[in-house]
Amino acid sequence: MASSSSSGLTFKLHPLVIVNISDHYTRVKSQMNHGSDLQQQPQPPPRVYGCVIGVQKGRTVEIFNSFELLYDPSSHSLDRSFLEKKQELYKKVFPHFYILGWYSTGSDAQEADMHIHKALMDINESPVYVLLNPSINHAQKDLPVTIYESELHVIDGVPQLIFVRSSYTIETVEAERISVDHVAHLKPSDGGSAATQLAAHLTGIHSAIKMLNSRIRVLHHYLVAMQKGEIPFENSLLRQVSSLLRRLPTIESQKFQDDFLMEYNDTLLITYLAMLTNSSSTMNELVDKFNSAYDRHSRRGGRTAFI
């Protein structure tokens, strides 16, 4: 297997694809574990298969969604009728999406995967292969997702198709960012106190600021090393840094300060009103308890309450 691709394609992967593959694997593994509990026999980790769909504009391939496939491991073949039916249904809902390739799970691409890859070439002449590694590695910081392309290489005088790794970036739209943030902040079904939820929210903000600070430090060290001549200049990176720096004066504008102060004052006002409401509610409860106690005392002594 070659180390990297030379096609020059740019791949953009959406979080929905990763969530779909993970959900597919979790469901299949849960069903297998339930069956193994009944049979008292351990089962090997399952492999799941499906198609990835999206759009390709020029040299940019954007993978938006995916759907499951029926696979026969004994014959290494796909259920073509099921594939065509799913393709037809998705085409009605997403007319601009096309089948870009397929996905599976595992630690690395296997020789049998090339049979599935070649079977999809009648739909897409150059399909992509998205591989998700479901094993947990706490030391790994990158996503356990690898995208492969196929290239024709001459090995021992024989032309063969092999898988080559391709780099990719995570692309999100507003709806996906909201969904991912909601999933990341899911709480147990028993709920929690307001203080616990506030602590979790503040912890998330602290982690985000800490991550931003660490990335700025890495970028600063890299630029200093580039300025000292320790590493060669990279014009593309300098252009990106310059683009980021040009956004800073926008934050210092008068309009930003006015908007910020307005939002800040609104937040303080809402906090103040919430404290007044809470104090009024506490005072009402105290008055009600005092009246109840005074009524009982007045009924015994023949007097009436004056509050």
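The structure this text deals with has already been given above.
Overview of the structure.

Thresholds applied
Residues numbered from 1 in each chain as written. Predicted model: local features only at pLDDT ≥ 70, side-chain atom pairs only at ≥ 80, totals over all residues. Heavy atoms only, no water. Helix = DSSP H or I, 4+ residues; strand = E, 2+ residues; numbered from the N terminus. Buried < 20%, exposed > 50% of the residue type's maximum accessible area, 1.4 Å probe, protein only. Polar contact = N/O pair within 3.5 Å; in protein donor to acceptor, adjacent residues only side chain to side chain. Contact = heavy atoms within 4.5 Å. Core = buried A, V, L, I, M, F, W, Y, C linked by side-chain atoms within 4.5 Å. Pairing = 2+ DSSP bridges. Axes fitted to C-alpha atoms, helices over the stretch in contact; angles between N-to-C directions. Salt bridge = Lys/Arg side-chain N within 4 Å of Asp/Glu carboxyl O. Phe/Tyr/Trp six-rings, centres within 6.5 Å; stacked < 30°, edge-to-face > 60°. Lys NZ or Arg CZ within 6 Å of the ring centre and 35° of its normal.

**Description of the side chain of asparagine 65**
Looking at the element boundaries, asparagine 65 is found in strand E3 (residues 60-68). Judged by its relative accessible area of 11%, asparagine 65 is buried. Polar side-chain contacts of asparagine 65 include one of 2.9 Å to the side chain of asparagine 20. Those residues in contact with asparagine 65 that sit more than four places away from it in its chain are Leu16, Val17, Asn20, Cys51, Val52, Ile53, Tyr90 and Phe94.

**A short note on the nonpolar core**
Counting residues in each nonpolar core, the largest one holds 20 residues, and the members touching the most others are Phe67, Leu83 and Tyr129. Going through the elements one at a time, strand E2 (49-57), strand E6 (98-105), helix H3 (113-119) and strand E7 (128-132) are the ones with two or more residues in this core. At four residues, E2 tops the list of elements feeding residues into this core. Not counting residues up to four positions away in its chain, the partners in contact with leucine 83 are Cys51, Phe67, Leu69, Ile99, Leu120 and Ile123. Of all hydrophobic cores here, the second largest spans 18 residues; its members include Ile21, Val52, Tyr103 and Leu132.

**Regarding the sheet that holds E7**
Spatially, the eight strands line up as an open sheet ordered E9-E8-E7-E6-E2-E3-E1-E10, and their pairing is mixed. Of all the strands in the sheet, just strand E9 (158-166) and strand E10 (168-170) have a single pairing partner and so form its edges. Looking at each pair of strands side by side, their axes are set apart by 35° on average, direction ignored. Looking at chain direction, E6 and E7 are connected through five bridges and run parallel.

**Let's talk about the pattern of salt bridges**
Tallied over the full model, the rule gives four salt bridges. Put simply, aspartate 23 and arginine 27 hold a salt bridge, and the shortest N to O gap is 2.9 Å. You can see aspartate 23 and its partner arginine 27 sitting in helix H1 (residues 15-39), four residues apart, about one turn around the helix. Look at aspartate 23 and you get partly exposed, because its relative accessible area is 39%. Overall, the relative accessible area of 33% leaves arginine 27 in the partly exposed class. Two residues, glutamate 68 and arginine 27, come together in a salt bridge whose shortest N-O distance is 2.2 Å. Placement of glutamate 68 in strand E3 and of arginine 27 in helix H1 is noted, with a sequence separation of 41 residues between them. Overlapping salt bridges bring together Asp23, Arg27 and Glu68 as one network.

**Some details on the side chain of histidine 24**
Among the secondary structure elements, histidine 24 is positioned in helix H1. Among residues more than four places away in sequence, those in contact with histidine 24 are Val48, Tyr49, Glu68 and Tyr103.

**Notes on the packing of aromatic side chains**
For the coordinates displayed, the defined rule picks out 12 aromatic pairs. Their ring planes at 35° and their centres at 5.8 Å tell us that tyrosine 129 and tyrosine 148 sit as a pair that is tilted. Residue tyrosine 129 is located in strand E7, and its partner tyrosine 148 is located in strand E8 (residues 145-155); the two are separated by 19 residues in the primary sequence. You'll find tyrosine 129 and tyrosine 148 in the same group, each marked buried. Both rings, one in tyrosine 129 and one in phenylalanine 163, keep their centres 5.2 Å apart while their planes meet at 50°; by these two values the pair is tilted. Within this pair, whereas tyrosine 129 is found in strand E7, its partner phenylalanine 163 is found in strand E9, the two being separated by 34 residues in sequence. The class of tyrosine 129 is buried, set by a relative accessible area of 0%. Overall, phenylalanine 163 belongs to the buried group, its relative accessible area being 5%. Here the aromatic cluster, defined as three or more aromatic residues joined through ring pairs, consists of Tyr49, Tyr71, Trp102, Tyr129, Tyr148 and Phe163. The cationic tip of lysine 91 hangs over the ring face of tyrosine 98; the distance from NZ or CZ to the ring centre is 3.4 Å.

**Digging into the pairing of E2**
Within E2, seven of the nine residues are buried, leaving the element largely enclosed by the surrounding structure. One ladder, built from six bridges, connects E2 with E6; its direction is antiparallel. In the strand pairing of E6, tyrosine 49 is matched with serine 104. Sheet topology note: the E2/E3 ladder contains eight bridges and is antiparallel. Across the sheet, residue lysine 57 finds its bridge partner in E3, namely threonine 60.

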